[in-house]
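As a plain string of letters, each chain reads:
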Number of protein chains: 2
Amino acid sequence: MNNLRILASFAFAVSLWIASVTAWGQDPLPSWNDTASKKSVQAFVERVTRQDSPDFVPVERRIATFDNDGTLWSEQPYYFQLAFALDRIKAMAPDHPEWKNQQPFQGVLEGDLKAVMAGGEKALIEIIAATHSGMTADEFEQIVTQWIDTAKHPQTGKLYKQMVYQPMLELLDYLRANDFKTFIVSGGGIEFMRPWTLETYGIPREQVVGSSIKSRYEIRDGKPVLVRLPEVNFIDDKEGKPVGIHMHLGQRPIFAAGNSDGDWQMLQYTTIGHSPSFGLIVHHTDADREWAYDRQSHVGRLDQALDDAQQQGWTVVDMKRDWKMIYPSE
Amino acid sequence: MNNLRILASFAFAVSLWIASVTAWGQDPLPSWNDTASKKSVQAFVERVTRQDSPDFVPVERRIATFDNDGTLWSEQPYYFQLAFALDRIKAMAPDHPEWKNQQPFQGVLEGDLKAVMAGGEKALIEIIAATHSGMTADEFEQIVTQWIDTAKHPQTGKLYKQMVYQPMLELLDYLRANDFKTFIVSGGGIEFMRPWTLETYGIPREQVVGSSIKSRYEIRDGKPVLVRLPEVNFIDDKEGKPVGIHMHLGQRPIFAAGNSDGDWQMLQYTTIGHSPSFGLIVHHTDADREWAYDRQSHVGRLDQALDDAQQQGWTVVDMKRDWKMIYPSE
């Protein structure tokens, strides 16, 4: 038996060595131009993974967190989860004749987004409550899955789930190939993301952190279910992101990527006073291939975090300059 | 290159085959007697992992959740986290001279647990608030780590962290060897467990779910920290367990293990109406080697869940009959 064990170890070592030889020389980030951003990412990964590096980080501490909206997929002209909610209002309207004369629903049904927005935060909360609560968790999962598999962005004609950034998919793969555990930490709804993050990003459900509403356990028709309540549980944005990370991961990441001021605190928490660490900001600079926006944008405003980037040594990715392509299917 | 790839695949396949040959015939659960409990666990694992089984479950759905107190380690004469809190009161007393004349602290310092318990839930909350909040998350982690590395159970003389159940450690290993992801879902404090679960159980921080207090992000002396607040965030017990599982894992387990009525809803949620699934109850029947208690116990009361076990087909592990040994060092 012992000889077989030694032989198994040897065969395994050989297979790893050959795999590393075949991988050698292949670019793990082929959609990234050979600019400073790519080089800084690769230098960091090498610095924390080389056994003889003074900054070597053991595997269980290789934690990377990614914002979703504007960091892994697009977010214009408004968050895709809002598009989901508006589509749901339309789909649910036949069961709610009263919505025809009731804002913000009337505005949604008539395509008058200005009337909707005039209702401010209260209107948004009404829309979210009507579309995201009142069903079981299993029912909501089915609704989201059906939407994400079919809904298309009106301007690009692509499925929303195809509007993910090819260079960021490569970055996720590259980090995982170097034994990082990758997490999403998004202001978006945790249960809106989980049904599709494994297929789309290779990130399993339990590695998704997001905003949430409360739910209640009950036995309904003899079956245990979780009922979604119209009540906020947690807002995973701004100063909520470090709290959400601590709650779900229980440790500080060494790598964080975001694109807006909503990610500022996550970047601070990950990098300030903790070395080695890496902060990355996706800067939307490409109006031709995607959108160009930062300090003045209503969605994904990037202002304070951009000011802070140079002082903190965060890598600001210039989409236009640093990325060869935006979406996978181009 | 292509030939090297094929060679690598071949070498890898050989290494897996040899590894499986060396594993063949070894008992993965050597501390379990050859009784019905052990057989039912093994039959279930085989049923969901054999490729040609009609009940085959893909790897990403092989989720197993374990209660901690009384399921993975002992919990008598009271939860070990309470022992931690009482030890903290004593350690902090020099900075709190007022505690000498103030219940529940006076009772703790004088070893008069009856006086403490007379204060009921309010007294317990005061003790938890005084010992678990007011510091940063990093500071609390250091305090817990120091305690768990040194504190001993007054009756057994063992370190608390040595009072884990050897058969359950084997069960965790066995499930992981069959590509299950193992989680703790405990009524205990999430941040009390995370510093030591990887070393003790092989369960990483992000796979620990528990009760929690709120925390607030702030920059203190130029450094980003999380400050622990004296305010309950979530109680991960009873009907809270399915909610906690849904929040952290985002999916239903197919295997759940508990030992008390606090785990009843988790067992329901995992098994009722969902097949294949497995529910396991650790029944404390061994007054000689551990403790014997169930329906009348104040700590770890097992009553309704025990009544329900037969109807639901849950496996009730009889510690005295089913386990060859209790703790690893025996």
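Residues numbered from 1 in each chain as written. Chains lettered and ligands numbered in written order. Predicted model: local features only at pLDDT ≥ 70, side-chain atom pairs only at ≥ 80, totals over all residues. Heavy atoms only, no water.

For chain A, the name recorded in an unreviewed UniProt entry is Haloacid dehalogenase-like hydrolase, with Rhodopirellula halodulae as its organism.

Draft legend 1. Region of interest: the environment of Gln 207 of chain A. Following the sequence through the fold, Gln 207 of chain A ends up in the loop between helix H10 (197-201) and strand S3 (208-220). Sequence separation between Gln 207 of chain A and Lys 181 of chain A is 26 residues, and the spatial gap between their C-alpha atoms is 8.5 Å. When neighbours within four sequence positions are excluded, Gln 207 of chain A is seen to be in contact with Lys 181, Thr 182, Phe 183 and Ile 184 of chain A together with Lys 181 of chain B. Within polar-contact distance, the side chain of Gln 207 of chain A engages the backbone oxygen of Thr 182 of chain A at 2.8 Å. (Helix = DSSP H or I, 4+ residues; strand = E, 2+ residues; numbered from the N terminus. Contact = heavy atoms within 4.5 Å. Polar contact = N/O pair within 3.5 Å; in protein donor to acceptor, adjacent residues only side chain to side chain.)

Draft legend 2. Main features of the packing of aromatic side chains. Residues and elements named next belong to chain A. Going through the model one piece at a time under the given rule, you end up with 38 aromatic pairs over all chains. Taking the centre distance of 5.8 Å and the plane angle of 55° together, the rings of Trp 196 and Tyr 201 count as tilted. Per residue, the accessibility class of Trp 196 equals that of Tyr 201, and both read buried. Through successive ring pairs, a cluster of aromatic residues spans Trp 73, Phe 80, Phe 84, Phe 140, Trp 147, Tyr 160, Phe 192, Trp 196 and Tyr 201. (Phe/Tyr/Trp six-rings, centres within 6.5 Å; stacked < 30°, edge-to-face > 60°. Buried < 20%, exposed > 50% of the residue type's maximum accessible area, 1.4 Å probe, protein only.)

Draft legend 3. Region of the structure containing the pairing of strand S6 (residues 278-285) of chain B. Residues and elements named next belong to chain B. Counting buried residues along S6, seven of its eight residues qualify, which places the element largely inside the surrounding structure. Handedness of the crossover joining strand S5 (residues 255-258) and S6 through helix H12 (residues 264-271) is recorded here as right-handed. Looking at chain direction, S6 and strand S8 (residues 315-318) are connected through four bridges and run parallel. Paired with His 283 across the two strands is Asp 318, which belongs to S8. Count of turn residues in the S6/strand S7 (residues 292-293) antiparallel hairpin: six residues. (Right-handed = clockwise from strand over helix to strand, strands pointing away. Pairing = 2+ DSSP bridges.)

Draft legend 4. Representation of the side chain of Gln 76 of chain A. Residue and element names in this part refer to chain A. Secondary-structure assignment places Gln 76 in the loop between strand S1 (63-66) and helix H3 (80-92). You can call Gln 76 buried: its relative accessible area is 9%. At 3.3 Å, the side chain of Gln 76 and the backbone oxygen of Val 299 are in polar contact. Not counting the four nearest positions on each side in its chain, Gln 76 is found in contact with His 153, Trp 291, Tyr 293, Ser 297 and Val 299.

Draft legend 5. Seen up close, the pattern of salt bridges. Scanning the entire structure with this criterion turns up 42 salt bridges over all chains. Taking the shortest distance from any N to any O, the salt bridge between Arg 50 of chain A and Asp 52 of chain A comes out at 3.0 Å. Given the relative accessible area of 58%, Asp 52 of chain A is considered exposed. For Lys 241 of chain B, the salt bridge is made with Asp 263 of chain B, and the minimal N-O distance between the two is 2.6 Å. One end of the pair, Lys 241 of chain B, is in helix H11 (residues 240-248); the other, Asp 263 of chain B, is in the loop between S5 and H12, with 22 residues separating them in the sequence. Among the residues examined, Asp 263 of chain B registers a relative accessible area of 1% and is labelled buried. (Salt bridge = Lys/Arg side-chain N within 4 Å of Asp/Glu carboxyl O.)

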